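What follows is each chain in one-letter form.
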Amino acid sequence: MRLTKFYIPALKEAPADAEIASHKLMIRAGFIRKLAAGVYSLLPAGVKVIRKIEAVIREEMNRAGALEVYLPSVQPASLWEESGRWEVYGKELLRITDRHNREFCYGPTHEEVITDLVRRDVRSYRDLPLNLYQIQTKFRDEIRPRFGVMRAREFSMKDAYSFDADEEGAKENYEAMRKAYTAIFSRLGLKFRAVEADTGQIGGSASHEFMVLAETGEDRIAHCDKCGYAANVEKVELSDIAVSGDENVQDLQSVDTPNAKTIEEVSEFLDMDSSRFIKTLIYKADGNIIAVLIRGDYEVNETKLLRAIDSGEVALASEEEVESVGTMVGFAGPVGLENVRIIADSSVKSIVNGVTGANRVDTHFFNVNPGKDFTPGLYADIREAVPGDPCPRCDDGKLSLARGIEVGHIFQLGVKYSEAMKANFLNREGKERPMIMGCYGIGVGRTGAASIEQNHDDNGIIWPPSIAPFDVVVLPLSLKDEEVVRVAESIYEELKNGGFDPALDDRNLRPGVKFNESDLVGYPLQVVVGRKGLADGVVEVKIRKTGERMTVAPEGAFHKIKETLEKLSSID
RNA sequence: CGGGGCGUAGCGCAGCCUGGUAGCGCGCCUGCUUUGGGAGCAGGAUGUCGGAGGUUCAAAUCCUCUCGCCCCGACCA
């Protein structure tokens, strides 16, 4: 592609509303433009990158035996009513009405549509297993879209759905997808980790997220460097902490703690370590007020809490709500707290002679002992992991925490949708059974953004060759010098004919501009053709990633570029 | 949705407090020069100051309402 004929408007300055590197760079380099909050247009270079990502996804999905379909983006409400999600999904679902006042939604995901499709045509175990996928636009009316295409409202997603006759088949399909995803993200040159994950709103039993490791990631993951166990902090299993010491259980006592409300203040006031505290948080869960206990030096993970109490939503209660159950913010405690369900983190179980609020102003209890002074209705693992927590899967591994960008998510759905929507088949024995389902998503645009988060420097993007908009850019530094132009043109033609996708910067710009824009756009290689080099009989090949420059005679350029690109691809 | 902030030329911003002819840098157009890391000179184009209402002789500036966008929290590919 000649850049004089291309449309890749670069900006010197990033728009003020861009926050993270990928967002800024995609806009500056001319890959995307914003239309509205969370809604983006893809420019030609952006489309090229996305198509390359899609191509890798298609190849690996097809290799895994999945079949491509294309489902409607507009879906009738009736299907969602059948699955029960019309009510559950909430405001994220963009609901629309047609001219006959019939209700539809713009698809945020396609379990309903695919289940409806399959149940109509699949009758027998002989037709299973089946794995169908598509790459298509979704719309989720996110409360807060941000970070450009990283968390857009309209976005492109590869979603696959598997249907099996039995659990073993479903697990095989799941494993096949796990392998395919690993292949996809490896080929895309990403540093990633598959982690055990919460299933959230989609539902189902087991699930893994594919996390691209990046500081700007919105998710946190815990992993054990010894045995390889890795999980989202919303899911990570934390074992009970054994308490050290062998104190005798003492009798409950109350103590005045004027104006000391936070754990920090009280622990300083009483000169006791915060790990002796039983922090009591009053939550509202699906309309009911509950008390949640956790050791003072730990935090509650609300997703884990949701799962533990099998609730739809939780939020910290308001001050009025806290007072309505006979306690107060700052001095809440489980002792004497009546008519409120008490859920305790496992870390509370082994606390001996602990400290809690006394449900009275400026008063705490000490020598509080679980089982003696209060008894929680439920002990569960609801705590946020901290670095150094013991690994739940191996003997003396320790967990580390990292940040990740969720680019893929695979679920074993079980019969959640097939039962609700009667997607049944006849098994070998002639009995009707619901199909066992799985679903598997990849955020296409987000994957591109994640790649930039992982591969950029102060000058711009550094695309891995597998998804770069062009393999290489040829830079004739002066258009007035006939020799420079002739050599650049011939290398460009040779690359084009040799199976590569090169760009030729034939714009009449000063060399500095061409260098800077080439760095910004992130071509894996730059071929510099200048008067200076040609005087010595050479052109330069620069590797964007390392900055390394190699000189080579014009006739040898093609070979050098080919070799270097292959090397770059294999390293990634 | 709760909390905070911002809307002035294509982009980045100043002007607003203290009302009085709408500015700067980059970009864009024309010409000449220049061409190995975002050139120089000369000339030029571009604004419903987010929108509506109000106060005033006079509003980008003060007041009210409204829309949009961004950041921090709970959701997700």
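Residues numbered from 1 in each chain as written. Chains lettered and ligands numbered in written order. Predicted model: local features only at pLDDT ≥ 70, side-chain atom pairs only at ≥ 80, totals over all residues. Heavy atoms only, no water.

Undergrad: Is there a simple way to explain the pairing of strand β7 (residues 130-139) in this structure?
TA: Along any regular strand, the residues point their side chains to alternate faces of the sheet. For β7, a buried count of 9 out of 10 residues is recorded, marking the element as mostly surrounded by other parts of the structure. Where strand β3 (residues 67-68) lies against β7, 2 bridges are found, and the strand directions are parallel. Bridging from a neighbouring strand, leucine 67 pairs with leucine 132 of β7. Alignment of β7 against strand β8 (residues 154-164), held across 10 bridges, turns out to be antiparallel. The residue bridging lysine 138 from the neighbouring strand is phenylalanine 155, located in β8. (Buried < 20%, exposed > 50% of the residue type's maximum accessible area, 1.4 Å probe, protein only. Helix = DSSP H or I, 4+ residues; strand = E, 2+ residues; numbered from the N terminus. Pairing = 2+ DSSP bridges.)

Undergrad: How should the packing of helix α1 (residues 21-28) against helix α12 (residues 444-454) be read in this particular structure?
TA: Two quantities define a packed helix pair, namely the angle between the helix axes and the distance between the axes. Between α1 and α12, the shortest axis-to-axis distance is 8 Å and the interhelical angle comes to 105 degrees. Here α1 lies roughly perpendicular to α12, going by the angle between them. Residues Ala21, Ser22, Leu25 and Met26 of α1 lie in contact with α12, whose contacting residues are Ala449, Ile452 and Glu453. When grouped by side-chain class, the residues that make up the contact of α1 with α12 number 5 nonpolar, 1 polar and 1 charged. (Axes fitted to C-alpha atoms, helices over the stretch in contact; angles between N-to-C directions. Parallel < 35°, antiparallel > 145°, perpendicular 65-115°, else oblique. Contact = heavy atoms within 4.5 Å. Nonpolar A, V, L, I, M, F, W, Y, C, P; charged D, E, K, R; others polar.)

Undergrad: Explanation requested: the packing of aromatic side chains in the structure shown.
TA: Aromatic ring pairs are described here by two measures, namely the spacing of the ring centres and the angle between the planes. For the structure shown, the criterion picks out 12 aromatic pairs. When the ring of tyrosine 174 is compared with that of tyrosine 440, the centres are 6.4 Å apart and the planes differ by 50 degrees; the resulting orientation is tilted. Here tyrosine 174, found in helix α6 (residues 167-187), pairs with tyrosine 440, found in strand β24 (residues 436-443); they are 266 residues apart in sequence, far enough to count as distant. Accessibility assignment for this pair places tyrosine 174 and tyrosine 440 in one class, buried. Ring plane angle 85 degrees and centroid distance 6.0 Å describe the contact between tyrosine 181 and phenylalanine 185, whose orientation is recorded as edge-to-face. With a gap of 4 residues between them, tyrosine 181 and phenylalanine 185 both fall in helix α6, about one helical turn apart. Here a set of aromatic residues connected by ring pairs shows up, and it is made of Tyr181, Phe185, Phe192 and Phe210. Seen from the ring of tryptophan 86, arginine 95 lies directly overhead, with NZ or CZ sitting 4.6 Å from the centre. The residue whose ring lies beneath lysine 349 is tyrosine 379, and the NZ or CZ to ring-centre distance is 5.1 Å. (Phe/Tyr/Trp six-rings, centres within 6.5 Å; stacked < 30°, edge-to-face > 60°. Lys NZ or Arg CZ within 6 Å of the ring centre and 35° of its normal.)

Undergrad: Would you explain the sheet that holds strand β19 (residues 363-368) in this entry?
TA: Remark on secondary structure: sheet strands pair via backbone hydrogen bonds, oriented parallel or antiparallel. Across the sheet, 3 strands lie side by side as β13-β19-β18; this open sheet has antiparallel pairing. Sheet topology places β13 (253-256) and β18 (354-357) at the edges, where each strand pairs with a single neighbour. Averaged over all adjacent pairs, the angle separating strand axes in this sheet is 30 degrees, with direction ignored. Across 4 bridges, β18 lies against β19 in antiparallel orientation. Bridge pairing links glycine 357 to histidine 364 in β19.

Undergrad: Is there a simple way to think about the pattern of salt bridges in this case?
TA: Any two side chains of opposite charge can pair, on the condition that their charged atoms come close. Per the counting criterion, the structure on display carries 44 salt bridges. A salt bridge links glutamate 175 to arginine 178, with the nearest nitrogen and oxygen atoms 3.2 Å apart. Here the residue glutamate 175 and the residue arginine 178 both occupy positions in helix α6, the gap between them amounting to 3 residues, near one helical turn. Of the charged contacts, one joins aspartate 396 and lysine 226 as a salt bridge, the two residues approaching to 2.4 Å between their closest N and O atoms. Here the residue aspartate 396 occupies a position in the loop between β20 (378-380) and β21 (399-414), and lysine 226 occupies one in the loop between β11 (219-224) and β12 (230-232), the gap between them amounting to 170 residues. (Salt bridge = Lys/Arg side-chain N within 4 Å of Asp/Glu carboxyl O.)

Undergrad: I tried to follow the pairing of strand β14 (residues 278-285) on my own but got confused; where do I start?
TA: With 6 of its 8 residues buried, β14 lies for the most part within the structure. Linkage of β14 to strand β15 (residues 288-295), two consecutive antiparallel strands, is achieved through a turn of 2 residues, within which aspartate 286 is found at a positive phi near 45 degrees. Across 3 bridges, β14 lies against strand β16 (residues 314-316) in antiparallel orientation. Among the inter-strand pairings, lysine 284 is bridged to a residue of β16, identified as alanine 315.

Undergrad: Even after reading the chapter, I still don't get the protein's contact with RNA strand B, so can you show me in this structure?
TA: Around RNA strand B, a shell composed of 54 residues is seen, among which Glu92, Arg144, Val407, Asp519 and Arg549 lie nearest. In RNA strand B, atoms within 4 Å of the protein come from the sugar-phosphate backbone in 49% of cases. Arginine 510 is positioned with one of its side-chain polar atoms (N or O) 2.9 Å from a base oxygen of RNA strand B. The side chain of glutamate 517 places a nitrogen or oxygen atom 2.9 Å from a base nitrogen of RNA strand B. Among the elements of the structure, β1 (32-36), β8, α8 (302-308), β21, β24, α14 (511-521), α15 (531-535) and β30 (539-543) are those that each provide at least two residues to the surface near RNA strand B. No other element matches α14, which puts 7 residues into the surface near RNA strand B. Here the surface near RNA strand B is built from residues that sort into 19 nonpolar, 11 polar and 24 charged. (Near = heavy atom within 4 Å. Polar contact = N/O pair within 3.5 Å; in protein donor to acceptor, adjacent residues only side chain to side chain.)

Scope: geometric values only; no functional claims are made or implied.
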